[in-house]
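So the chains spell out like this:
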Amino acid sequence: GEVERGGYDHFMLKEIMEQPSTLRETMRGRLLEDEGSVKLGGLTGMDDELRQAKRVVILGCGTSWHSGLIGEYLLEDIARIPTEVEYASEFRYRRAVVEPETLAIAISQSGETADTLWAMREAKQQGATTLGVVNAVGGTIPRETDAGIYLHAGPEIGVASTKAFTSQVVVLTMMTIHLGRLRGTLSQSRGREIVRALRQLPEQVAEILKMDNEIRALAEQYKDSKNFLYLGRGYNFPAALEGALKLKEISYIHAEGYPAAEMKHGPIALIDENMPVVVIAPRDGVYDKVRSNIDEVKARGGCIIAVVSEDDEELAGVVEHVIRIPRTHDALTPILASIPLQLLAYHIAVLRGANVDQPRNLAKSVTVE
Ligand code: G6P
């Protein structure tokens, strides 16, 4: 009822709005700023396995697979560990090779998703060390993994995952810092930069949430579109996938997420004035590259909503709409970029009269294969 929803119309909106505090809970007591490191109680006693690991395989489904893809980028970029993210349902049946000294990370909000659970069991049976990244306390995945980290984001009721996603990415960032420091691949000063950026996140998310009205107005304008394309590169390619998934899950509008540069190998054929294209373009290491992808869309008459850095002077004159987000470390930009895209999906769905908390055909947790 109304009380559990904290005065909001839907659990999804409550959970979006809660993110400054859920992110704080996820990081509470875990950041060691001076050391440029983190303290993860759930990984106590695992130092040998974490040091010796030759590769990481991340297993998940849906939104958890998207955070896993960010995890892959984090672990390779920052901790320099060969990593692959796998759809749990594919991993289990494709006779994947699990070498000894593999770390398998099962990501699951619920801790009960059958595909993820069985993929984790398969990895374990083949000799992997298993870690869980789970929100719901005490479920099957945390019980069966060798070790793990809880999100502490509180119960997520809306079927479309929001606060669990941002907390998953924060946990994966902290895990990456831990592994990088332990293995000597991440310097103290670089570690400190990321820890500092993590600490600023809750306030930055609160800033973005103040744009709710602005984003609702945007939703009014685009609610009748038949298709959406979401583009991003680097750390924001997974954010593009997640933005598209949120929209299709709750509004039933067809949406596709794509790596911005890969667009020219297919989806560019779809672009015309009726196709809104959401481009995630913060001032990060791939900004100039994304900028040229924006020009490619404009040249074909596409209509662009761009998520840009607060101080971006360039794109406002080029695209139809800009949504401004604060500056952060490159690796954390997908967290900030996801917030306005959650709100956009939410408002479009509400305006179309969809059942936001219980979308048709979807379940919060799928415990059958
Ligand atoms: C279901 C939900 C998705 C979720 C996925 C994985 O399909 O509808 O929102 O991302 O399961 O759930 P998990 O609990 O394992 O993260």
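Residues numbered from 1 in each chain as written. Predicted model: local features only at pLDDT ≥ 70, side-chain atom pairs only at ≥ 80, totals over all residues.

The name given to the protein chain in an unreviewed UniProt entry is Glutamine--fructose-6-phosphate aminotransferase [isomerizing], with the source organism recorded as Longimicrobium terrae. Of the comments in the UniProt record for the protein chain, the one headed Subunit (unreviewed entry) reads "Homodimer." Here is the UniProt Function (unreviewed entry) comment for the protein chain, exactly as written: "Catalyzes the first step in hexosamine metabolism, converting fructose-6P into glucosamine-6P using glutamine as a nitrogen source." (UniProt positions renumbered as here; feature names shortened; annotations may be inferred.)

Caption draft 1: Representation of the site of the ligand within the structure. Taken together, 17 residues surround the ligand, and among them Gly62, Ser108, Gln109, Ser110 and Thr113 come closest. The biggest single contributor to the shell around the ligand is helix α4 (residues 62-77), with three residues. (Near = placed C-beta within 6 Å. Helix = DSSP H or I, 4+ residues; strand = E, 2+ residues; numbered from the N terminus.)

Caption draft 2: Local environment of the environment of isoleucine 271. Relative to the helices and strands, isoleucine 271 resides in the loop between β9 (254-259) and β10 (276-281). When the C-alpha atoms of isoleucine 271 and leucine 172 are compared, they prove to be 35 Å apart, with 99 residues separating the residues in sequence. If we ignore the near neighbours within four places in the chain, the residues touching isoleucine 271 are Val277, Val297, Arg300 and Gly302. (Contact = placed C-beta atoms within 7 Å.)

Caption draft 3: The arrangement of the packing of helix α8 (residues 163-183) against helix α13 (residues 333-351) in detail. Across the interface, α8 lies against α13 with an axial gap of 10 Å and an inter-helix angle of 175°. What the angle tells us is that α8 and α13 run roughly antiparallel. Contacts between α8 and α13 involve Phe165, Thr166, Val169 and Val170 from the first element and Pro334, Ile335 and Ser338 from the second. By residue class, the composition of the contact of α8 with α13 is five nonpolar, two polar and no charged. (Axes fitted to C-alpha atoms, helices over the stretch in contact; angles between N-to-C directions. Parallel < 35°, antiparallel > 145°, perpendicular 65-115°, else oblique. Nonpolar A, V, L, I, M, F, W, Y, C, P; charged D, E, K, R; others polar.)

Caption draft 4: Summary view of the sheet that holds strand β12 (residues 321-325). Taking strand neighbours across the sheet as the criterion, the five strands line up as β9-β8-β10-β11-β12 in an open arrangement whose pairing is parallel. Lying at the two open borders of the sheet, with one neighbouring strand each, are β9 and β12. Ignoring strand direction, the axes of neighbouring strands in this sheet form an average angle of 20°. Where helix α11 (residues 236-251) meets the sheet, it contacts β8 (227-232), β9 and β10, and its direction lies at approximately 175° from that of β9. (Pairing = 2+ DSSP bridges.)

Caption draft 5: Summary view of the UniProt feature "active site" (unreviewed entry) in the protein chain. Mapped onto this numbering, the UniProt entry annotates "active site" (unreviewed entry) at Lys364. Position of lysine 364 among the secondary structure elements: in the segment after α13. Beyond its immediate sequence surroundings of up to four residues, lysine 364 is in contact with Ser110 and Val159.

Caption draft 6: Fine view of helix α6 (residues 114-125). Across its twelve residues, α6 extends 16 Å between first and last C-alpha, which sits within 8% of the 16 Å expected from 1.5 Å per residue. All buried positions along α6 are accounted for by Asp115, Thr116, Leu117, Ala119, Met120 and Ala123. Check the buried side of α6 and you find it contacts β3 (55-60), α5 (88-91), β5 (102-108), β6 (129-134) and α7 (140-144). Count one or two residues on from α6 and you reach glycine 127, which has phi positive near 100°. (Expected span 1.5 Å × (residues − 1). Buried ≥ 20, exposed ≤ 12 C-beta atoms within 10 Å, placed from the backbone.)

Caption draft 7: Geometry of the confidence of the model for the protein chain. Within the protein chain, residue pLDDT values average 96, and 100% of them lie at 70 or more. Across the assembled chains, the prediction reports ipTM 0.97 with pTM 0.97. (pLDDT = per-residue confidence, 0-100.)

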